[in-house]
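# Chain and residue survey
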Amino acid sequence: MESVKPARRRIGFHRWLIVALIVVSVFAVRAYAPIRPHIQVAPEPLAGPFDLPLIGPIYLTNTMVALLIVDLILLSVALAVRRGVRSGTPILTGLAGLVETIIEALYNLVESSAGKSARRIFPWMATIIFVVLVANWSKLLPGVESIGLLHETHGEIEGYPARELFRIGDLPVFTIEQPGAATEARTGEHLYTVAPFVRGLPTDLNFTVGLALISVVMTQVIGLQAAGPGYLGKFFNFGRFARMWTRENLGPFEAIFPLLDIFVGILELVAEFAKIISFSFRLFGNLFAGAVLMIIVGTLVPVFLPSGVLLFELFVGLIQALVFGMLTLVFMTMATQLHGAH
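This is a predicted model, so every value here is computed, not measured.

On a plain count of helices and strands, the protein comes out with eight helices and six strands. Written out in order from the N terminus, the α and β elements of the protein read α-β-β-α-α-α-β-β-β-β-α-α-α-α. Within the protein, the fraction of its 342 residues that count as buried is 32%. Within the protein, counting contacts between residues at least 6 apart in sequence, those at least 24 apart form 69% of the total. Carbon together with sulfur atoms contributes 69% to the accessible area of the protein, which is approximately 22000 Å² in total.

As structure tokens, then:
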């Protein structure tokens, strides 16, 4: 009986592949240095304006393109899970199994915190976590915030001279010169910067404010569903203040406490609006700072170091999604429990 020789393993293949990619990156950066895109808070428009009825002129921005990509990713995952569930296999595997495990863990967490209100709270909390997580991680895809259109600066921001490479019909294709050429630009020469096709969705304040409004508004809705009109009593607590005027003998504390109830209600109302600001700027600030860090590191040290920053952004994106979802869970759970219900 012949002995079967074990197959030889290609020891270190991936290691040498990484080294080769680093070497190629070094030569690529030497041949064509990276251009730092213009950094601004507002998303860059790609097309428009488009006149919409009842809305008015609206632009297609690069964060809208990012929103479309996030929606497509979530829909693709949902369809893959649906296909796995309908396959009839007793144990889900692959992507469907991973999503099932995550959803089960999240539901157990919500059930341990919210009790009988878990079914009402879980869809909002889980949806927010998935949307924020995919939005955070989608900004790490290749080409995001790095490939885009040349945008003429008109002198208001730093720009670089460009030269025409070739034409596709009547459409010219340009390339930006090396960054050092910005200081050598001649008077009257047109300067350009890069407006990326896709920009990280959480770096748009409109997105984070929209998520914050959904979280805070639905917290009030769930509170009303759980406690009825009595839920509004924590904001407008005039009960003791109204009864105070029906009493004949009124002590000093009996006159102060009703006013304190009104003051506490005002603080509760202000706190709800403060949640919108806190939610919006926490997510926006962390992810916008990460985008700026990636741009700066990618232009100053474009080889090897950006990989470490990408890993850090991967971790930050996960933490921010969990923080947003957990705070939503906490606020919704508190809304289902009336103060002084014991």
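That was the structure; now back to the text.
A word on the nonpolar core. Judged by nonpolar contacts, the single largest core of 22 residues is most densely connected at Val132, Leu201, Phe207, Leu211, Leu283 and Phe324. Those elements that place two or more of their residues in this core are α2 (62–86), α4 (118–138), α5 (205–227), α7 (252–300) and α8 (305–335). When residues in this core are grouped by element, the largest group, six residues, is from α4. Setting aside anything within four residues of it in sequence, one finds Phe324 in contact with Ile128, Leu211, Ala212, Ser215, Phe279 and Leu283. With 13 residues, the next largest nonpolar core counts Met125, Ile129, Leu329 and Met332 among its residues.

With that out of the way, let us pick up the side chain of Glu313. Inspection of the secondary structure puts Glu313 in helix α8. Non-local contacts of Glu313, meaning those with residues more than four positions away in its chain, are made with Lys139, Leu140, Leu287, Gly290 and Met294.

Once that is clear, we can look at the environment of Met326. Structurally, Met326 can be placed in helix α8. Owing to a relative accessible area of 30%, Met326 belongs among the partly exposed residues under this scheme. Separated by 217 residues in the primary sequence, Met326 and Leu109 have C-alpha atoms spaced 9.6 Å apart. Residues contacting Met326, with those up to four places away along its chain left out, are Leu109 and Met125.

For the rest of this paragraph, the subject is the pairing of strand β6 (residues 191–196). For β6, a buried count of five out of six residues is recorded, marking the element as mostly surrounded by other parts of the structure. Examined bridge by bridge, strand β3 (residues 148–152) and β6 share five bridges and lie antiparallel to one another. Residue pairing for β6: His151 is matched across the bridge by Thr193.

The next thing to look at is the confidence of the model for the protein. Per-chain confidence: the protein averages 77 in pLDDT, with 75% of residues scoring 70 or above. Looking over the protein, one finds the lowest element-wise mean pLDDT in helix α6 (residues 239–244), namely 60, and the highest in α4, namely 90.

The subject of this paragraph is the packing of aromatic side chains. The full count for this structure, using the stated rule, is four aromatic pairs. When the centroid spacing of 4.7 Å and the interplanar angle of 35 degrees are considered together, the rings of Phe279 and Phe324 count as tilted. Of this pair, Phe279 sits in helix α7 while Phe324 sits in helix α8, and the two are 45 residues apart along the sequence. Its relative accessible area of 1% is what places Phe279 among the buried residues.

What counts and how
Residues numbered from 1 in each chain as written. Predicted model: local features only at pLDDT ≥ 70, side-chain atom pairs only at ≥ 80, totals over all residues. Heavy atoms only, no water. Helix = DSSP H or I, 4+ residues; strand = E, 2+ residues; numbered from the N terminus. Buried < 20%, exposed > 50% of the residue type's maximum accessible area, 1.4 Å probe, protein only. Contact = heavy atoms within 4.5 Å. Areas by Shrake-Rupley, 256 points an atom, 1.4 Å probe, with all protein chains shown as cover. Core = buried A, V, L, I, M, F, W, Y, C linked by side-chain atoms within 4.5 Å. Pairing = 2+ DSSP bridges. pLDDT = per-residue confidence, 0-100. Phe/Tyr/Trp six-rings, centres within 6.5 Å; stacked < 30°, edge-to-face > 60°.

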